[in-house]
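Overview (structure and organization)
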Amino acid sequence: MPAPEEKGHAGQAWSGRFAEPVAERVKRYTASVSFDRRLAEFDVQGSLAHARMLAAAGVLAPEDLAAIDRGMTTILDELRTGTFHWSLEDEDVHLNIERRLTALVGDAGKRLHTGRSRNDQVATDLRLYLRDAIDDITALVRAVQTALVDLAEKHAATVMPGFTHLQVAQPVTFGHHLMAYYEMLGRDRERLADCRSRVNRLPLGAAALAGTSFPIDRERVARDLGFEGVCANSLDAVSDRDFAIEFTAGAALIMTHLSRLSEELVLWMSPRFGFIRLPDRFCTGSSIMPQKKNPDVPELARGKAGRVFGHLVGLLTLMKGQPLAYNKDNQEDKEPVFDTVDTLVETLAVFAEMIPGIEVDPEKMRTAAREGYATATDLADYLVKRGVPFRDAHEAVARAVRAAEARGCDLADLPLPELKSFAREIDADVYAVLTIEGSVASRDHFGGTAPDRVLDAVRRARAELA
Ligand code: ARG
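Scope of this entry: the structure provided in the associated data block. Predicted, not measured: the structure shown is a model, and the values here were computed from it.

**As for the overall build of the protein**
Within the protein, the regular secondary structure consists of 21 helices and six strands. Along the longest, intermediate and shortest principal axes, the C-alpha atoms of the protein span 115 × 50 × 40 Å. In the protein, which comprises 466 residues, the share counted as buried stands at 49%. If you take every contact in the protein between residues at least 6 apart in sequence, the share linking residues at least 24 apart comes to 74%. Carbon and sulfur atoms make up 53% of the accessible area of the protein, which totals about 22,300 Å². Taking the average location of the 58 positive side-chain charges in the protein and that of its 70 negative ones, the two points are 1 Å from each other.

**Re the site of the ligand**
In the vicinity of the ligand, the residues found are S32, D36, D92, H94, R118, N119, V122, Y326, Q331 and K334. Taking S32, its side chain carries an N or O atom lying 3.3 Å from a nitrogen atom of the ligand. Here an oxygen atom of the ligand sits 2.4 Å away from a polar atom, N or O, in the side chain of Y326. Looking at the shell around the ligand element by element, the count peaks at three residues for helix α8 (residues 118-154). Counted by class, the shell around the ligand contains two nonpolar, four polar and four charged residues.

**Some thoughts on the pattern of salt bridges**
In the structure shown here, the tally under the stated rule is 37 salt bridges. Its salt-bridge partner being R100, residue E78 comes within 2.6 Å of it at the nearest N-O pair. Taken together, the residues span a long stretch of sequence, with E78 in helix α5 (residues 62-81) and R100 in helix α6 (residues 93-105) at a distance of 22 residues. With a relative accessible area of 22%, R100 lands in the partly exposed category. A salt bridge links R307 to D339; its shortest N-O distance comes to 2.7 Å.

**Concerning the side chain of S117**
Turning to its location among the elements, S117 is positioned in the loop between α7 (107-111) and α8. Looking at S117, its side chain comes within polar contact range of the main-chain nitrogen of N119, at 2.8 Å. Beyond its immediate stretch of four places on either side in the chain, S117 contacts A207 and A208.

**As for α5**
Over its 20 residues, α5 runs 29 Å from end to end, which matches the ideal 28 Å to within 8%, given 1.5 Å per residue. G82, located one to two residues past α5, shows a positive phi value of around 75°.

**What to know about the packing of aromatic side chains**
Geometry of an aromatic ring pair is reported as the spacing of the ring centres plus the angle between the planes. This structure, assessed with the given rule, holds six aromatic pairs. With a centroid separation of 6.0 Å and an interplanar angle of 85°, the aromatic rings of F42 and Y129 are classed as edge-to-face. Here F42 is found in helix α4 (residues 40-56), whereas its partner Y129 is found in helix α8, with 87 residues between them in sequence. Note on Y129: relative accessible area 6%, which makes it buried.

**A word on the packing of helix α9 (residues 174-199) against helix α21 (residues 451-465)**
Where α9 contacts α21, the axes come no closer than 10 Å and their chain directions differ by 30°. Considered as vectors, α9 and α21 are oriented roughly parallel to each other. Of the two elements, α9 crosses α21, and the hand of that crossing is left-handed. When α9 is examined against α21, the residues G175, H176, M179, Y182 and R189 are found in contact with a partner set consisting of V454, A457, V458, A461, E464 and L465. Split by residue class, the contact of α9 with α21 holds seven nonpolar, two polar and two charged.

**Brief notes about the nonpolar core**
Core analysis: the biggest nonpolar cluster contains 104 residues, and I276 and F351 have the highest contact counts within it. A total of 15 residues in this core trace back to one element, the largest contributor, which is α8. Contacts of I276, omitting those with residues within four sequence positions, involve L265, W268, M269, I358, E359, V360 and M365. A380, A403, A404 and L411 belong to the second largest nonpolar core, which has 23 residues in total.

**As for the environment of L312**
Within the secondary structure, L312 is located in helix α13 (residues 296-320). If sequence neighbours within four positions are ignored, L312 has contacts with I245, T248, A249 and A252.

**Comments concerning α4**
Along its 17 residues, α4 runs 24 Å from first to last C-alpha, staying within 8% of the 24 Å computed at 1.5 Å per residue. Across the 17 residues that make up α4, a large majority, 12, are buried. Within α4, the full set of buried residues consists of A40, F42, D43, V44, G46, S47, L48, A49, H50, A51, M53 and L54. Positive phi shows up at G58, right after α4, with a value of about 80°.

**Re the environment of G285**
Assignment of secondary structure puts G285 in the loop between β5 (276-277) and α13. For the pair G285 and G448, spaced 163 residues apart in the sequence, the C-alpha separation amounts to 39 Å. Those residues in contact with G285, other than ones at most four positions away along the chain, are K292 and N294.

**Observations regarding unusual backbone geometry**
Leaving glycine aside, a negative phi is the common case for residues, and trans is the common case for peptide bonds. Residue A325 is bonded to the preceding L324 through a cis peptide linkage, with omega at 5°. One non-glycine residue with positive phi stands out, namely L166, at about 60°. Structurally, L166 can be placed in the loop between β1 (159-164) and β2 (167-173).

**Some words on the pairing of β1**
Relative to β2, β1 is paired through six bridges, and the arrangement is antiparallel. Counted as the bridge partner of T164 is Q167 from β2.

**What to know about the environment of V59**
If you trace the backbone, V59 turns up in the loop between α4 and α5. Since its relative accessible area comes to 28%, V59 is described here as partly exposed. The spatial distance from the C-alpha of V59 to the C-alpha of A349 is 46 Å, given a sequence separation of 290 residues.

Conventions adopted
Residues numbered from 1 in each chain as written. Predicted model: local features only at pLDDT ≥ 70, side-chain atom pairs only at ≥ 80, totals over all residues. Heavy atoms only, no water. Helix = DSSP H or I, 4+ residues; strand = E, 2+ residues; numbered from the N terminus. Buried < 20%, exposed > 50% of the residue type's maximum accessible area, 1.4 Å probe, protein only. Contact = heavy atoms within 4.5 Å. Areas by Shrake-Rupley, 256 points an atom, 1.4 Å probe, with all protein chains shown as cover. Lys, Arg positive; Asp, Glu negative; His and termini not counted. Charge placed at Lys NZ, Arg CZ, Asp CG, Glu CD. Near = heavy atom within 4 Å. Polar contact = N/O pair within 3.5 Å; in protein donor to acceptor, adjacent residues only side chain to side chain. Nonpolar A, V, L, I, M, F, W, Y, C, P; charged D, E, K, R; others polar. Salt bridge = Lys/Arg side-chain N within 4 Å of Asp/Glu carboxyl O. Expected span 1.5 Å × (residues − 1). Phe/Tyr/Trp six-rings, centres within 6.5 Å; stacked < 30°, edge-to-face > 60°. Axes fitted to C-alpha atoms, helices over the stretch in contact; angles between N-to-C directions. Parallel < 35°, antiparallel > 145°, perpendicular 65-115°, else oblique. Left-handed = near helix turned anticlockwise from the far one by under 90°. Core = buried A, V, L, I, M, F, W, Y, C linked by side-chain atoms within 4.5 Å. Pairing = 2+ DSSP bridges.

These values are about where atoms sit, not about what they do.
Pasting the structure below:
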């Protein structure tokens, strides 16, 4: 009977070389099956494409391919019904599936790994997973955009104060304000689409790092899996995770945009603003203060943005010190990527449901715009159109605002003689520009806040979303 060190240790797929079993603690430390099992169906897809290519190349016998096919059908069924038995002994998703396949179909299962390594396998799985996730997320971003456009159309002419430095600046329409977020999310979708094209390339064939001596057909596998291309360097194919980092960066920007919107929803919902109400089903109460209705959903979204930023920094840091090619560090890429996807999917889905429920108080918005002297710039522009140099007009209006403030009234409430005392160019027609509605209607160019321009933007958006 051979000594243990001669026959190696049974158990792990790679244990032939080892003189003693891996310590239990090390097994737990190095295993990824608890989280990478999420890649299982993609792992099966990748394996089937690899097996079909090997068979076409004459490396795998037709009977073996048929057996692998059969085994994988059973495995998919077990995965979907939750009856697949996962084992820590088998380390990761790849070895768990290979072990089960071999148990089901024997030697054919052991032949599947010909010309392949877990290094190119895991890179393939992650790309297939992300491609799917990007498609789901893109659809959800679109759903949030649609909700924004619907609300913007209803409020194309609803006036509110526009802010700079969170001080009332100039009147805008609420529809215009909402369409700003439509634009941000539109760029987010462009970024996702751009990133998808780089995610969608095939690492398989790179094997462990140097390629393989078998007569493989990588183009065929790429076509089979719907990849747009093949990774052109085997070392790069197994080692870089820039595609996942890029995705997470795009995700971080989406969360940034949703977080900004969240911050505004929280402010607008505060009784100090009172611009909007969120339906009760999107709020929670306080266990001690009976009067409270808290905007938990936007607050959480604002908070969860931080978690996605953390994943981005985590992934960048994971990558930066790695020499070529594959290193086990890369196993740490999965949890941040999965959590980024989950956070994004949940946040976008809840926003798509919540936005249509936003109830607007147009009177509160209008009052806030009037109280903030939001039409002061309009008065200055009026004077400029009558030949007053802009700086002088600015000065005259500033004095008028101070007078109105002292009286506790709006600019439009000052009588004509008093207005004239600040600039003799002012006539009775000034009151038309001092109204909030007149002010927004005059911003009537592409990208402006005039209600008609908002409706144009809504029409363009609907065409883009169609
Ligand atoms: N579980 C590993 C990962 O996620 C799979 C690749 C393992 N490769 C290796 N040479 N140990 O990265």
